[in-house]
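The lines below spell out each chain.
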There are 2 protein chains.
Amino acid sequence: MNDIAPLSRIRVVLAQPSHPGNIGAAARAMKTMGLDRLYLVRPLRFPDPQARAMSANALDVLERAVICATLDEALAGTAIQIAFSARTRELSHPALDARAAAAEAIDCAAAQEAALVFGSEDAGLANEEVLRCNRLAHIPADPSCSSLNLAAAVQVAAYEIRLAALARRAPGAHCAAVPELARHEDVENFYVHLEQSLIASGFLNPRYPRRLMERLRRLFSRTQLEKDEVSILRGMLSRWDSRRRPDGDNS
Amino acid sequence: MNDIAPLSRIRVVLAQPSHPGNIGAAARAMKTMGLDRLYLVRPLRFPDPQARAMSANALDVLERAVICATLDEALAGTAIQIAFSARTRELSHPALDARAAAAEAIDCAAAQEAALVFGSEDAGLANEEVLRCNRLAHIPADPSCSSLNLAAAVQVAAYEIRLAALARRAPGAHCAAVPELARHEDVENFYVHLEQSLIASGFLNPRYPRRLMERLRRLFSRTQLEKDEVSILRGMLSRWDSRRRPDGDNS
């Protein structure tokens, strides 16, 4: 189903979601990050056309969602259960941020099942629900407006899960086709050409160079010029140069 | 408004959003992360009751949204413009992931304005829109289902922005004297000047442009041009231009 094995051992649990649109949007958020195991504890309305509409291409995630009567049922078989909450808890687990929580979930999912647990839209997770989990996580948010939409919170958590999974993967993975970079000597020849053109045009007075070439080197150094780009730049210079000759060799 | 100063210099630009619910949800996503400057380029329906409903506590963000006729208008005054796209581009800027892009935006926002740019729900950003930005970012996603809901993408980007801002706030964070970056409109004017010079010189045939300007935009986008550098480049162009006139105003 997904492209990274441990992701198949991570489930997303929504406890008593009230808006079916959020269930669909959460399914879509999961699937974009390679998660596909959705558990719903006493959803108010499900199945529902609004859930289907919001799920976009993640209809399969919705259709295989597991409906549970209790949170315990949804958490059965998991080794780590991470409760996501915006509120700080008076008497609770020490809170991890979403990134640290994702790293723990992925470490666990190398061999065992893990659950990401989200409360209802209005009330979040009740204390007794949090206490049935063994981790508490929060998504860093502005204190004046700390309540994310349910599906948005699932999106952020799933995103961190995916990044953690990618980080755990064997090194030497990504090597996309990269354009050929210009060689040192080609870039140096470009600078020589550029300087000559600037002197010939009158923009650079060799007696008072005022660090102009240094500045231009600094500019182009930052780009990491590609081979083809040096050819284009030199072509441009040649064309400008040729316009300058009084006897006009504009071939 | 928000609790971390650089966040007030970051705007979120939605190019031609078609669903008002997404605009409201994006406003909420922004506000949870301390962002409050929303720009809308030709929204299909706005204002709209659905946008208000989905904005939850972020109604103020909606009400102060700036409606723009063009993307350039929305980007005016910004030094960094980050185009978010799920698609890879044949001929484009090298893509950053969302985390690296957020770090760049926050570095910029210490002193100047930055924009996070998102395309429409159906089509995303057009190539020509991406080319008006100087960064391209993607949110790592499952290749089989890589299209996040618009507001979900804004949520992830805003989340990374907030984390980057928090990381920079650490005591003694580096704040070396950074050169002033060129503003969007100054860079666009440079491209206009460059194109005119290339046409006048004969290097660029407007009937067969062969994507030359796209390639040059890509090259200079990578550099993050400074204000003084744009002045130098335009001075060089003016000098080359003046040499071309047959009646020779070579002052």
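Residues numbered from 1 in each chain as written. Chains lettered and ligands numbered in written order. Predicted model: local features only at pLDDT ≥ 70, side-chain atom pairs only at ≥ 80, totals over all residues. Heavy atoms only, no water.

Some details on the environment of Pro20 of chain B
All names here are of chain B. Worth spelling out the cut-off: To qualify as a helix, a DSSP run of H or I must reach at least 4 residues; to qualify as a strand, a run of E must reach at least 2; elements of each kind are numbered from the N terminus. Residue contacts follow a heavy-atom distance rule, with two residues in contact if any of their heavy atoms lie within 4.5 Å.
Along the chain, Pro20 turns up in helix α1 (residues 20-32). Between the alpha carbons of Pro20 and Arg52 there is a distance of 8.4 Å; along the sequence they are 32 residues apart. Look past the residues within four positions of Pro20 in its chain and what remains in contact with it is Arg45, Asp48, Gln50 and Ala51.

Looking at the pattern of salt bridges
It is possible for side chains of opposite charge to pair when their charged atoms get near one another. Cut-off, in case you're wondering: Definition used for salt bridges: Asp or Glu carboxyl oxygen within 4 Å of a side-chain nitrogen of Lys or Arg. Buried, partly exposed and exposed residues are distinguished by accessible area as a fraction of the type maximum, computed with a 1.4 Å probe on protein chains only: under 20%, between the cut-offs, and over 50%, respectively.
For the structure shown, the criterion picks out 40 salt bridges over all chains. The closest approach of N and O atoms between Asp228 of chain A and Arg215 of chain B, which form a salt bridge, is 4.0 Å. Of the two residues, Asp228 of chain A sits in helix α10 (residues 227-244) while Arg215 of chain B sits in helix α9 (residues 212-223), which places them in two different chains. What makes Arg215 of chain B buried here is its relative accessible area of 19%. For Glu180 of chain B, the salt bridge goes to Lys227 of chain B, with nearest N and O atoms at 4.0 Å. A residue pair is termed long-range when its members are at least 10 positions apart, and Glu180 of chain B in the loop between α7 (150-168) and α8 (184-201) and Lys227 of chain B in helix α10 (residues 227-242) qualify at 47 residues. A network of salt bridges, in which partner residues are shared, links Glu226, Asp228 and Glu229 of chain A together with Arg215, Arg218 and Arg222 of chain B.

Focus: the interface of chain B and chain A
Frequently, the measure chosen for interface size is the accessible area that the parts lose on association. Keep this limit in mind: Reported buried area values correspond to the accessible surface (1.4 Å probe) lost by two parts on association, with both partners' losses combined. Residues adjacent in sequence count toward polar contacts only when both atoms are side-chain atoms; beyond that, a polar contact is any pair of N or O atoms within 3.5 Å, and within protein one must be able to donate a hydrogen and the other to accept it. Charged residues are taken to be Asp, Glu, Lys and Arg, nonpolar residues to be Ala, Val, Leu, Ile, Met, Phe, Trp, Tyr, Cys and Pro, and polar residues to be all remaining types, Gly included.
Each partner contributes residues to the interface: chain B has 57 residues there, and chain A has 57 residues. Of the roughly 5100 Å² buried at the junction of chain B and chain A (both faces included), carbon and sulfur atoms supply 62%. Put simply, Glu226 of chain A and Arg222 of chain B hold a salt bridge, and the shortest N to O gap is 3.7 Å. Linking chain B to chain A there are 15 residue pairs in polar contact (both at pLDDT 80 or more). Elements with a minimum of two residues in the side of chain B that touches chain A: α1, α5 (98-108), α7, α8, α9 and α10 of chain B. Ranked by the residues each element gives to the side of chain B that touches chain A, the list is headed by α10 of chain B, at 9 residues. Of the residues that constitute the side of chain B that touches chain A, the class distribution is 28 nonpolar, 13 polar and 16 charged.

Focus: the sheet that holds strand β3 (residues 66-68) of chain B
Residues and elements named next belong to chain B. Under the convention used in this document: Strands are labelled as partners when DSSP assigns at least two bridges between them. Axis geometry follows a simple rule: fit a line to the C-alpha atoms, using only the stretch in contact for helices, then measure angles between N-to-C directions, giving values from 0 to 180 degrees.
Ordered in space as β3-β2-β1-β6-β4-β7-β5, the 7 strands form an open sheet in which the pairing is parallel. Each edge of the open sheet is held by one strand with a lone partner, namely β3 and β5 (95-97). Averaged over neighbouring strand pairs, the angle between their axes works out to 30° when direction is ignored. Here β5 pairs with strand β7 (residues 135-138) via 3 bridges, running parallel. Looking across to β7, one finds that Leu96 is bridged to Ala137.

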